[in-house]
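Take a look at the letters that make up each chain.
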Amino acid sequence: MRYVVNAVAACALAFAGCHGAGKDAPAPAASCDSTVADTAVRAIVCRPVVPESLSAGMRIIERLTLAWGKEGAVPGDFLDGPRCPDYFQGWYFRGDTPVFQVRGDIARARREILRVAGSNGFAVEPAGSKRYSEKELNRMMDTIDRRMETAPPQVKDNVYMWSMGLSTIDVAMRLNTEAARRAFRKHVYDSPAIRFSGSTGRELCSLCGVADTLGVSLRPTKPSFPASADKATFVLVNNGSHEVQTGNDYSIAVEHGGRWYMLPAGGVFDALGIGVRPGGRHTFNGMLHPLVNNNRPGRYRYFKDVDIDGCKVTLMCDFFLVGD
C-alpha cells in the first residue's frame, strides 16, 4: 500500500512509499541519537511476513515483476515498468487470489497474463467496473502529493497522512470536520474516492493516571505555555530503583465546562523504545497544533504510558495555556 506522511509529522514513523493497491509495505524503524546520558534509545525493527496462504499468489506476482518490471524491482512493483502492457491497470489480493485489473479485451489479457505467470491461479476484472484501478489511484496520489506542498498551513498541519487503499484514497486528519473536509477538497483534491478519518474534537477523555509512582514522576517544564505555542514540553524523572520503559506516544486532553475532551492531535509516532535509568530524566514534547485546534487559554492534561519493572502505568500531569 502506498502511504505518504505529511512532512509536518516528520518526527513520526516514515512509511515506505511503494505503489500498489492493497499491498502493505514494511515500515522502517526510525533512529535518533539521544543527548541525555541517562536515556537509552532503542530502535524497534519491523520485518514483513508473507502468510503461507499467499505464497502461490506471490509467485505469480514475482513472475510478472520479472517480466514487466524494472531491473531489481521489488515483487509487485511493475505497473510502471517498461514492458508492462498498457491494458494492465493494477492488481490486488481477494483472499488468497491475485486479481488483475485490465482494460479492453479481457479474454486476450487473461491469455497473455497466463503465459507470463505460468499459472491460472489468478482472476481478471475490467478496470473501472467496480472500483478505481491502481493506475487511477496512483494518479490521484501524485496530484495530492504535489498540491499538499502548496496547501494552506491549516490544511498542511491537519492532514498528517494519505494512503492508497483497494479502491479509495484514505486521508487521515487530526480534526475531521465538515469545514476541514471542504478545505481539503478545495485546496488539494476532490473525488468520490476520498475517505476521511480523524477526531471530531468532541471525544470525551476517559484516560486517568498519576503524577508520580514508585519514584517516577511527570511534570511540565514550566507551569504554562502560550496558547499559540506549537508544543508543550514535559520531563519524566526517574528517582526509583528500576529503569522506566516508554516511547514517544502520548495523549493530551483539554478541559471545557468542567469536562475533559481529547485534544485532536492524531498522528504516527516513531518506533523507538526509550529507557530512563534510575536517577535519570528525559524530556518529551506534546504537540498542540494551534492552527488546527484554535487552542484557548485554559487547563490541559498530558498522558504518557510507561512500564516500570513490568508494571504498566499511565502518568499524567496538568499544564496551562495562557494568552500571549
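Residues numbered from 1 in each chain as written. Predicted model: local features only at pLDDT ≥ 70, side-chain atom pairs only at ≥ 80, totals over all residues. Heavy atoms only, no water.

### Topic: the sheet that holds strand β17 (residues 281-287)
Thought 1: Taking strand neighbours across the sheet as the criterion, the four strands line up as β9-β10-β12-β17 in an open arrangement whose pairing is antiparallel. Both edges of this open sheet fall to β9 (212-213) and β17, since each of them pairs with a single strand only.
Thought 2: Bridge count between strand β12 (residues 231-238) and β17: seven bridges; the pairing is antiparallel. In the sheet register, T233 faces β17, and the bridge partner there is N285. (Pairing = 2+ DSSP bridges. Helix = DSSP H or I, 4+ residues; strand = E, 2+ residues; numbered from the N terminus.)

### Points about the sheet that holds strand β4 (residues 97-102)
Thought 1: With respect to topology, three strands assemble into an open sheet ordered β3-β4-β5, the strand pairing being mixed. Bordering the open sheet on either side are β3 (88-94) and β5 (123-126), each of which pairs with just one other strand. Averaged over all adjacent pairs, the angle separating strand axes in this sheet is 25°, with direction ignored.
Thought 2: In terms of strand pairing, β4 meets β5 through four bridges, oriented parallel. Paired with V102 across the bridge in β5 is P126.
Thought 3: Along the sheet, helix α3 (residues 134-148) makes contact with β3 and β4, crossing β3 at roughly 105°. (Axes fitted to C-alpha atoms, helices over the stretch in contact; angles between N-to-C directions. Contact = heavy atoms within 4.5 Å.)

### Quick notes on helix α1 (residues 55-68)
Thought 1: With 14 residues, α1 extends 20 Å from end C-alpha to end C-alpha; this agrees with the ideal 20 Å at 1.5 Å per step.
Thought 2: Structurally, α1 contributes buried residues whose contacts are with β3, β4 and α2 (106-117). (Expected span 1.5 Å × (residues − 1).)

### Brief notes about the nonpolar core
Thought 1: Membership of the largest hydrophobic core comes to 27 residues, with the highest contact counts inside it found for L236, I252, L288, Y302 and F319.
Thought 2: Elements with a minimum of two residues in this core: β10 (216-220), β12, β14 (251-256), β16 (272-276), β18 (298-308) and β19 (311-322).
Thought 3: No other element matches β19, which puts five residues into this core.
Thought 4: Residues contacting F319, with those up to four places away along its chain left out, are P220, P223, F225, A232, F234, I252, L288, G298, R299, Y300, R301 and Y302.
Thought 5: Among the nonpolar cores identified, the runner-up in size contains 21 residues, and I60, L64, C84 and Y87 belong to it. (Core = buried A, V, L, I, M, F, W, Y, C linked by side-chain atoms within 4.5 Å. Buried < 20%, exposed > 50% of the residue type's maximum accessible area, 1.4 Å probe, protein only.)

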